[in-house]
Amino acid sequence: GNYRERVHLKLLYAGLSGQFRAEEIISLQVLGGVSGFIVAILLSAGDILSGGVAICSLVLLPIVGAQLPKSWLDRHVEERRDAIRRDLPDTLDLLAISVEAGVGFEGALNVVCDNFTSPLADEFARTLREMELGLPRREALHNLKKRTEVPELSNFVLTLTQADALGMPVGRVLKTSAEEMRSKRQQWAREKAAKLPVKILFPLVLFI
C-alpha cells in the first residue's frame, strides 16, 4: 500500500495520473521482472551464457526488467520539474504585468493559460478551475504545490499566500518573485553547464 501511494505521487508529479494508475505501473514492474527471468533462463538453456555469467544474468535481468518502468516514470518526473522551473520566471513576469495592468489574480492566471502551452500553464489552469468551483485561493495554491513538489514553485506559493494574508500588493510580490526565479534559473543553467565536462569524460574515455 505504501509503495502504491509513492507510485501514485510520482504519476501525479509527472502529470500522468490521468493516463496511468499506480497498479498498472506496479504490474509492469512485475511483468518486467518475470520477463527478465525468463530471458535469462532461455539464454542459459541455449548455452549462450554459461557459468558465472549465467548466474549473474539470472539475478540482474529480472532486476533490470523490474526497474525499467520505474526509471521511465522517474525520467518523466524530472523532465516535468525541469520544464516548470524553466517556464516559471516568464510566467511570473506575465502574471505581474497583468496584475499591474489592473487585472485580478484569477484573470492574470487566465491570461497565462491563454498564452502559454506548458506543464506549468496546465497546472495553473487546474488551479484556476478549482477557484472557479469555489475553492479558496489559499487551498487551490496549496493543491498546486502538492501536485508539483518543485521547490521554486513551492516557495512562490508560500510567499504569495503570506502576502495575501497580510494584505500586501500581489503585483509587487509577483515582480519580486519573477526576478528571484530568473536569477535561480541562471544559476541552475550554470550548474548544468559545469557538470557537462564530467559527463562527457566517461564516454570520451570509453570511445578512446
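Only a predicted model underlies this, so the values are computations on that prediction, with no experimental measurement involved.

### Quick notes on the overall build of the chain
Reasoning step 1: The number of helices and strands found in the chain is 8 helices and 0 strands.
Reasoning step 2: Along its sequence from the N terminus, the chain presents helices and strands in the succession α-α-α-α-α-α-α-α.
Reasoning step 3: Computed over the C-alpha atoms, the radius of gyration of the chain is 23 Å, more than 25% above the 17 Å expected from 2.2 N^0.38 for a compact globule of 208 residues.
Reasoning step 4: Taken along its principal axes, the extent of the C-alpha atoms in the chain is 75 × 45 × 25 Å.
Reasoning step 5: The burial tally for the chain puts 33% of its 208 residues in the buried class.
Reasoning step 6: Considering only residue pairs separated by 6 or more positions, the chain has 60% of its internal contacts joining residues 24 or more positions apart.
Reasoning step 7: Counting 26 positive and 25 negative side-chain charges, the chain places the centres of these two groups 4 Å from one another.

### So, a nonpolar patch on the surface
Reasoning step 1: A contiguous nonpolar patch, built from Phe-37, Ile-41, Leu-58, Val-59, Leu-60 and Ile-63 and spanning about 510 Å² of accessible area, is present on the exposed surface.
Reasoning step 2: Of all the secondary-structure elements, those providing two or more residues to the nonpolar patch are helix H2 (22-45) and helix H3 (51-100).
Reasoning step 3: By residue number, the principal contributor to the nonpolar patch is H3, which donates 4 residues.
Reasoning step 4: As for its placement among the helices and strands, Val-59 is situated in helix H3.

### Describing the nonpolar core
Reasoning step 1: Among the nonpolar cores identified, the biggest contains 27 residues, and Leu-92, Leu-95, Leu-109, Phe-124, Leu-153, Phe-156 and Leu-174 are the most heavily contacted of them.
Reasoning step 2: Taken together, the elements giving at least two residues each to this core come down to H3, helix H4 (105-115), helix H5 (119-132), helix H6 (137-148), helix H7 (151-166) and helix H8 (170-207).
Reasoning step 3: In terms of residues, this core owes the most to one element, H3, which gives 6 residues.
Reasoning step 4: Not counting residues up to four positions away in its chain, the partners in contact with Phe-156 are Leu-92, Leu-174, Ser-177 and Met-181.
Reasoning step 5: In terms of nonpolar packing, the next biggest core, distinct from the first, is built from 9 residues, Leu-11, Ala-14, Ala-22 and Leu-73 among them.

### Describing H4
Reasoning step 1: Within the span of H4, buried status applies to Phe-105, Ala-108, Leu-109, Val-112 and Cys-113. Seen from one end, H4 has its buried residues packed into an arc of 140°, which puts them on one side. Among the exposed residues of H4, those pointing more than 90 degrees away from its buried face are Asp-114 and Asn-115.
Reasoning step 2: Against H3, H5, H6, H7 and H8 lie the buried residues of H4.

### Points about the environment of Ala-121
Reasoning step 1: Looking at the element boundaries, Ala-121 is found in helix H5.
Reasoning step 2: Classification of Ala-121 by relative accessible area gives buried; the value is 4%.
Reasoning step 3: Once the C-alpha coordinates of Ala-121 and Arg-75 are considered, the two residues, 46 residues apart in sequence, prove to be 20 Å apart.
Reasoning step 4: Not counting chain neighbours up to four residues away, the residues in contact with Ala-121 comprise Val-112, Cys-113 and Phe-116.

### Quick notes on H6
Reasoning step 1: Spanning 12 residues, H6 covers 17 Å between terminal C-alpha atoms, matching the ideal 16 Å at 1.5 Å per step.
Reasoning step 2: Burial in H6 covers these residues: Ala-140, Leu-141, Leu-144, Arg-147 and Thr-148. Down the axis of H6, the sector holding all buried residues measures 120°, keeping them to one side.
Reasoning step 3: The secondary structure elements touched by the buried residues of H6 are helix H1 (2-14), H3, H5 and H7.
Reasoning step 4: Of the residues one or two after H6, Glu-149 is the one with positive phi, at around 55°.

Parameters at a glance
- Residues numbered from 1 in each chain as written.
- Predicted model: local features only at pLDDT ≥ 70, side-chain atom pairs only at ≥ 80, totals over all residues.
- Heavy atoms only, no water.
- Helix = DSSP H or I, 4+ residues; strand = E, 2+ residues; numbered from the N terminus.
- Rg over C-alpha atoms; globule rule 2.2 N^0.38 Å.
- Buried < 20%, exposed > 50% of the residue type's maximum accessible area, 1.4 Å probe, protein only.
- Contact = heavy atoms within 4.5 Å.
- Lys, Arg positive; Asp, Glu negative; His and termini not counted.
- Charge placed at Lys NZ, Arg CZ, Asp CG, Glu CD.
- Patch = residues over 30% accessible without salt bridge, like charges linked within 9 Å, V, L, I, M, F, W, Y side chains within 5 Å.
- Areas by Shrake-Rupley, 256 points an atom, 1.4 Å probe, with all protein chains shown as cover.
- Salt bridge = Lys/Arg side-chain N within 4 Å of Asp/Glu carboxyl O.
- Core = buried A, V, L, I, M, F, W, Y, C linked by side-chain atoms within 4.5 Å.
- Arc of directions from axis to C-beta.
- Expected span 1.5 Å × (residues − 1).

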